[in-house]
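Structural overview
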Amino acid sequence: MPRRNRGAYLKFIRARGVFYIQWSEKGSVRKRSTGTSDGGKAEEILSQFITAKHSVQRSAGPRDPNDFLIVEALNLYGQL
């Protein structure tokens, strides 16, 4: 049985001395440097990363109803 995806999280790489954001995407482990060794700043960068990754991009025209999730509709409703 495959492992459950943890989502994005911070990992400190000692050899480089900085925090990395690590996540799994389509079975591959992906990493992105935060560019900082400060845990507080790394947490802020992780928060911005997660927010940007899950933000809804509004298209300029009508969408296929099968591509529009109920969660997206509720998020848009909450932003109004």
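Predicted model only: the values in this text are computed from it and were never measured.

Taken together, the side chains of Arg 6, Lys 11, Arg 16 and Lys 31 present a region of like positive charge at the surface. Within the secondary structure layout, Lys 11 lies in strand β1 (residues 9-13).

Before going further, it helps to spend a moment on the sheet that holds β1. The strand order β1-β2-β3 describes an open sheet built from three strands, whose pairing is antiparallel. Of all the strands in the sheet, the pair left with one neighbour each is β1 and β3 (28-33). Between one strand axis and the next, the sheet turns by 40° as a mean value, whatever way the strands run. In the sheet, strand β2 (residues 18-25) pairs with β3 via six bridges, with the strands oriented antiparallel. The residue of β3 that forms the bridge with Tyr 20 is Ser 33.

For any pair of aromatic rings, the description consists of the separation of the ring centres together with the inter-plane angle of the planes. The full count for this structure, using the stated rule, is two aromatic pairs. Where Phe 12 meets Phe 19, the ring centres are 5.0 Å apart and the plane angle is 65°; that geometry is what we call edge-to-face. With relative accessibility at 37%, the residue Phe 12 sits in the partly exposed group. Aromatic pair Trp 23 and Phe 49: ring centres 4.8 Å apart, planes at 45°, arrangement tilted.

Turning our attention to the confidence of the model for the protein. Averaged over every residue, the pLDDT of the protein is 86; the share at 70 or more is 91%. Looking across the protein, the model is least confident in helix α2 (residues 70-79), with a mean pLDDT of 82, and most confident in β1, with 95.

On to the side chain of Thr 34. Tracing the backbone through its elements, the reader meets Thr 34 in the loop between β3 and α1 (39-54). Within the local environment of Thr 34, its side chain forms a polar contact with the backbone oxygen of Phe 19, the two atoms lying 2.7 Å apart. Look past the residues within four positions of Thr 34 in its chain and what remains in contact with it is Leu 10, Phe 19, Tyr 20, Ile 21, Ala 42 and Ile 45.

Before going further, it helps to spend a moment on unusual backbone geometry. Glycine aside, residues mostly have negative phi, and peptide bonds are mostly found in the trans state. Positive phi outside glycine occurs at Lys 26, with the angle close to 55°. Within the secondary structure, Lys 26 is located in the loop between β2 and β3. Take Lys 26: its relative accessible area is 85%, and that puts it in the exposed class.

Rules and cut-offs
Residues numbered from 1 in each chain as written. Predicted model: local features only at pLDDT ≥ 70, side-chain atom pairs only at ≥ 80, totals over all residues. Heavy atoms only, no water. Patch = residues over 30% accessible without salt bridge, like charges linked within 9 Å, V, L, I, M, F, W, Y side chains within 5 Å. Areas by Shrake-Rupley, 256 points an atom, 1.4 Å probe, with all protein chains shown as cover. Salt bridge = Lys/Arg side-chain N within 4 Å of Asp/Glu carboxyl O. Lys, Arg positive; Asp, Glu negative; His and termini not counted. Charge placed at Lys NZ, Arg CZ, Asp CG, Glu CD. Helix = DSSP H or I, 4+ residues; strand = E, 2+ residues; numbered from the N terminus. Pairing = 2+ DSSP bridges. Axes fitted to C-alpha atoms, helices over the stretch in contact; angles between N-to-C directions. Phe/Tyr/Trp six-rings, centres within 6.5 Å; stacked < 30°, edge-to-face > 60°. Buried < 20%, exposed > 50% of the residue type's maximum accessible area, 1.4 Å probe, protein only. pLDDT = per-residue confidence, 0-100. Polar contact = N/O pair within 3.5 Å; in protein donor to acceptor, adjacent residues only side chain to side chain. Contact = heavy atoms within 4.5 Å.

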